[in-house]
Amino acid sequence: MFGALSRRANPTPDSCPVLEDVMTAEGSPNQPVLAYLGPEGTYTHQAANDYFAESVSYISCQTIASAFHALGGSADIAFLPIENSTHGAVIETLDLLRLASSENQFIRGEALASISHCLVVRKGTKFENIQTVLSHEQVGESKALGQCSAFIKDRLPSARTVKTVSTAAAAQQVLRDSTSTSAAICSSLCTKLYPGLALLAENIQDAAANVTRFIVLSAPHATLPSPTASGLPSGQPQWCAMLRITPPPAHSLNLGDVFGTIQPLAIARVDRRPSLSPTLFQDTYFVKVRDSGTSTDLEWKVAVTAAASRVLTKIPHGETNCTILGIWKA
């Protein structure tokens, strides 16, 4: 799957932070550049490659935030995790979407990736040698430690857990551990990308079905390559959109009335985060809406724009914000 990938040793000065180097896909230098949470071997990296294959070049960033902020600079596309079927919303991504301008960071698509966690060690390490388990936990792509808590409790009850910036970064740390007493929870791909690592256990996640949803961000009018068939969610295509709504403090407004104004668009999901307003306990809501897919491109854009306008007219002028953060077909 990753056989066509090569390394570029020296990133440009304005590129997003990288761990050790910049990973790029072979192909035309004029390809769009995609920023993702690295290093090579993260689930985000694998999902992005499944989605765009060799039609884009890739740069590996240290954090979700650096991938997000690379847009408009060193990257044309950012590929970010937003939701996991086991642990829910990816908070870091939602907090970044509070800052999205919609001119530079606009949701253009989404992808689903099945997450199969593995226990990876330096070659020769056995279960009884493991004292530390490293992986991603709260603010990242797959929250691997939390998703494998039952396995850790059952098989490695004495091991301490250590959070890392990504699952692949955990694999790199294990590779550098000369004591061979640590293990990483990551994808099996890491054993192919980083020689010296070995697979000790597969499919160790608590839930059999463990899927992460990713969003594709770019400027709204940028030309993006078409996704590959393997990178698209299965089932009937649907139109989707996301609205970012910051209403007045909850005590002064019935939120049900606000959400009611979005109808007849179907509300598929609502996430809530504290707003960046100085007003105490004021929240920002991320409302994902969808349609059956029977509308035309123009009809759906008109419907979403009209819904956003109704929200603004429902709430007293000057006391709210409603921004369309993305329109896409999944």
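Structure's up top.
Reading the values: the criteria
- Residues numbered from 1 in each chain as written.
- Predicted model: local features only at pLDDT ≥ 70, side-chain atom pairs only at ≥ 80, totals over all residues.
- Heavy atoms only, no water.
- Buried < 20%, exposed > 50% of the residue type's maximum accessible area, 1.4 Å probe, protein only.
- Helix = DSSP H or I, 4+ residues; strand = E, 2+ residues; numbered from the N terminus.
- Pairing = 2+ DSSP bridges.
- Core = buried A, V, L, I, M, F, W, Y, C linked by side-chain atoms within 4.5 Å.
- Domains from an automatic or database assignment.
- Contact = heavy atoms within 4.5 Å.
- Polar contact = N/O pair within 3.5 Å; in protein donor to acceptor, adjacent residues only side chain to side chain.
- Phe/Tyr/Trp six-rings, centres within 6.5 Å; stacked < 30°, edge-to-face > 60°.
- Axes fitted to C-alpha atoms, helices over the stretch in contact; angles between N-to-C directions.

1. Observations regarding the pairing of strand β11 (residues 182-186)
- Among the five residues of β11, five are classified as buried, and the element is accordingly described as predominantly covered.
- The two faces of β11 match: S182, A184 and C186 on one face and A183 and I185 on the other face are all buried.
- Here strand β8 (residues 118-122) pairs with β11 via four bridges, running antiparallel. Among the inter-strand pairings, C118 is bridged to a residue of β11, identified as C186.

2. Some words on the nonpolar core
- Counting 29 residues, the largest nonpolar core has A35, L80, L97, I215, L217 and M242 as the members making the most contacts within it.
- Elements represented by at least two residues in this core include exactly β3 (33-37), β4 (57-61), α2 (64-69), β5 (77-84), α3 (91-97), β13 (211-218), β14 (239-246) and β17 (321-329).
- Per-element accounting of this core gives the leading share, four residues, to α2.
- When residues are assigned to domains, this core turns out to be shared by domain 1 (2-114 + 210-218) and domain 3 (239-329), each giving three or more.
- Excluding its chain neighbours within four sequence positions, the residues that come into contact with L97 are I82, I215, L217, M242, R244, F286 and L325.
- The next biggest cluster of nonpolar side chains, apart from the first, holds 22 residues, and it includes L255, V258, W300 and V311.

3. Notes on unusual backbone geometry
- Omega for the peptide link from G38 to P39 comes to 10°, which places this bond in the cis form.
- Assignment of secondary structure puts P39 in the loop between β3 and α1 (43-52).
- Going from Q263 to P264, the amide bond is cis rather than trans, its omega being 15°.
- Following the sequence through the fold, P264 ends up in the loop between α8 (255-260) and β15 (266-274).
- The phi torsion at A53 lies on the positive side, around 50°, for a residue other than glycine.
- Secondary-structure assignment places A53 in the loop between α1 and β4.

4. Notes on the environment of T212
- With respect to the secondary-structure elements, T212 resides in strand β13.
- The spacing of T212 and N84 is 128 residues in sequence and 4.3 Å in space, taken between C-alpha atoms.
- Side-chain polar atoms of T212 contact the side chain of N84, separated by 2.9 Å.

5. Digging into the packing of aromatic side chains
- According to the stated counting rule, one finds six aromatic pairs in the structure shown.
- Ring geometry for Y51 versus F79: centroids 6.0 Å apart, planes at 55°, classification tilted. Of the two residues, Y51 is situated in helix α1 and F79 in strand β5; the sequence distance between them amounts to 28 residues.
- Accessibility expressed as a relative area gives 5% for Y51, which makes it buried.
- Here the aromatic cluster, defined as three or more aromatic residues joined through ring pairs, consists of Y51, F52, F79 and F214.

6. Points about the sheet that holds strand β10 (residues 160-163)
- Spatially, the five strands line up as an open sheet ordered β10-β9-β11-β8-β12, and their pairing is mixed. With one partner strand each, in any of the chains shown, β10 and β12 (197-201) form the two edges of the open sheet. Within the sheet, the average angular offset between the axes of one strand and its neighbour, ignoring direction, is 35°.

Read these as geometric descriptors, not functional statements.
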